[in-house]
Amino acid sequence: DTGVSQDPRHKITKRGQNVTFRCDPISEHNRLYWYRQTLGQGPEFLTYFQNEAQLEKSRLLSDRFSAERPKGSFSTLEIQRTEQGDSAMYLCASSPGQGADYEQYFGPGTRLTVT
Amino acid sequence: AQSVTQPDIHITVSEGASLELRCNYSYGATPYLFWYVQSPGQGLQLLLKYFSGDTLVQGIKGFEAEFKRSQSSFNLRKPSVHWSDAAEYFCAVGAYQGAQKLVFGQGTRLTINP
């Protein structure tokens, strides 16, 4: 068990560019979550996958954001036409999702800076 | 809808002193409650969680938390802090059903004086 990994750890991009982040969950965890954390705030839920199905999206996830989880393994989060307000830490978490005793394991995050 | 309030944005304590971080939640049913710790530039590490049963839960690194339904609180405590405890602490509430997403408070930054 190597934990949740995210790539890249840091990304600097210019406004208007597209960026894509990757998350590799703990193997055999069927639930995967994306959160966004801005400076001085707690993480906010963005979206959730059960295996390959995206089952819930937050209103925070504008049309410029898209997430996928092909084959129910790794996930990608793409932001199109980035804006300065997208600057944040993007956190991925996975969970075995078995019954009521669930726990989310977080990755180290990808810090995005939009200039 | 769920919500979490951490009233203290920043707390400073001396090394060896006791610590209590406050957390109040709002949720219409029995909540799942969590405390996470985040060191600078790092992801979140789970300290402890409460689902049901004994309202005093023990976690890692010597932390404990007490669930008080009447006060809608889940305060985190440690009898004697160490310099390595300096970090950001987040309280979170999780829903029982559905996506079981977590709703976090805004965090409390802990500074330790030597």
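All of these numbers come straight from a predicted model, not from anything done at the bench.

A. Inspection of the interface of chain B and chain A at higher detail. Counting from both sides, the interface comprises 23 residues of chain B and, opposite them, 23 residues of chain A. Interface area, chain B with chain A, both sides summed: about 1,900 Å², of which 50% is carbon and sulfur. A per-residue breakdown of the area chain B buries against chain A is headed by Ala99, Gln100 and Lys101 of chain B, which together make up 27% of the total. For the interface between chain B and chain A, the tally reads two salt bridges. Here glutamate 56 of chain A ties to lysine 101 of chain B by a salt bridge, and the two come within 2.6 Å at their closest N and O atoms. Across the chain B-chain A interface, the total number found is seven residue pairs in polar contact (both at pLDDT 80 or more). No other element matches strand β5 (residues 32-38) of chain B, which puts four residues into the side of chain B that touches chain A. Residues of the side of chain B that touches chain A, tallied by class, amount to twelve nonpolar, nine polar and two charged.

B. How the structure looks around the environment of arginine 69 of chain B. Residue and element names in this part refer to chain B. With respect to the helices and strands, arginine 69 occurs in the loop between β8 (64-68) and β9 (73-78). Separated by 44 residues in sequence, arginine 69 and tyrosine 25 place their C-alpha atoms 9.7 Å apart. If we skip the residues at most four places from it in the chain, arginine 69 touches Tyr25 and Thr30.

C. Representation of the pattern of salt bridges in the model. One pass over the structure, following the stated rule, counts nine salt bridges over all chains. Linking lysine 49 of chain B and glutamate 103 of chain A is a salt bridge whose minimum nitrogen-to-oxygen distance equals 3.0 Å. Of the two residues, lysine 49 of chain B sits in strand β6 (residues 44-50) while glutamate 103 of chain A sits in the loop between β9 (88-95) and β10 (105-106), which places them in two different chains. For lysine 49 of chain B, a relative accessible area of 28% puts it in the partly exposed group. Since its relative accessible area comes to 15%, glutamate 103 of chain A is described here as buried. Salt bridges sharing partners connect three or more residues here, namely Arg64, Glu83 and Asp86 of chain A.

D. Structural view of the sheet that holds strand β1 (residues 5-7) of chain A. Residues and elements named next belong to chain A. Spatially, the four strands line up as an open sheet ordered β1-β3-β8-β7, and their pairing is antiparallel. Unpaired on one side and paired on the other, β1 and β7 (65-68) mark the two borders of the sheet. For this sheet, the mean inter-axis angle between neighbouring strands, taken without regard to orientation, is 15°. Bridging between β7 and strand β8 (residues 75-79) involves four bridges; their strand directions are antiparallel. Pairing of phenylalanine 65 across the sheet is with isoleucine 79, part of β8.

E. Fine view of the packing of aromatic side chains. As enumerated under the stated definition, the model contains 17 aromatic pairs over all chains in all. Measuring from ring centre to ring centre gives 5.4 Å for phenylalanine 21 of chain A and tyrosine 90 of chain A, while their planes differ by 45°; the resulting arrangement is tilted. With phenylalanine 21 of chain A in strand β3 (residues 19-24) and tyrosine 90 of chain A in strand β9, this pair connects stretches of sequence that are 69 residues apart. Each member of the pair, phenylalanine 21 of chain A as well as tyrosine 90 of chain A, is classed as buried. Look at phenylalanine 106 of chain A and tyrosine 36 of chain B: their rings are 5.3 Å apart centre to centre, the planes differ by 85°, and that puts the pair in the edge-to-face class. Of this pair, phenylalanine 106 of chain A sits in strand β10 while tyrosine 36 of chain B is found in strand β5, placing the two residues in two different chains. Like phenylalanine 106 of chain A, the residue tyrosine 36 of chain B is buried in the burial classification. Positioned above the aromatic ring of phenylalanine 74 of chain A, the side-chain terminus of arginine 22 of chain A is 3.9 Å from the ring centre.

Rules of the game
- Residues numbered from 1 in each chain as written.
- Chains lettered and ligands numbered in written order.
- Predicted model: local features only at pLDDT ≥ 70, side-chain atom pairs only at ≥ 80, totals over all residues.
- Heavy atoms only, no water.
- Contact = heavy atoms within 4.5 Å.
- Buried area = accessible area lost by both parts, 1.4 Å probe.
- Salt bridge = Lys/Arg side-chain N within 4 Å of Asp/Glu carboxyl O.
- Polar contact = N/O pair within 3.5 Å; in protein donor to acceptor, adjacent residues only side chain to side chain.
- Helix = DSSP H or I, 4+ residues; strand = E, 2+ residues; numbered from the N terminus.
- Nonpolar A, V, L, I, M, F, W, Y, C, P; charged D, E, K, R; others polar.
- Buried < 20%, exposed > 50% of the residue type's maximum accessible area, 1.4 Å probe, protein only.
- Pairing = 2+ DSSP bridges.
- Axes fitted to C-alpha atoms, helices over the stretch in contact; angles between N-to-C directions.
- Phe/Tyr/Trp six-rings, centres within 6.5 Å; stacked < 30°, edge-to-face > 60°.
- Lys NZ or Arg CZ within 6 Å of the ring centre and 35° of its normal.

Take it as geometry only, folks, not as evidence of what the structure does.
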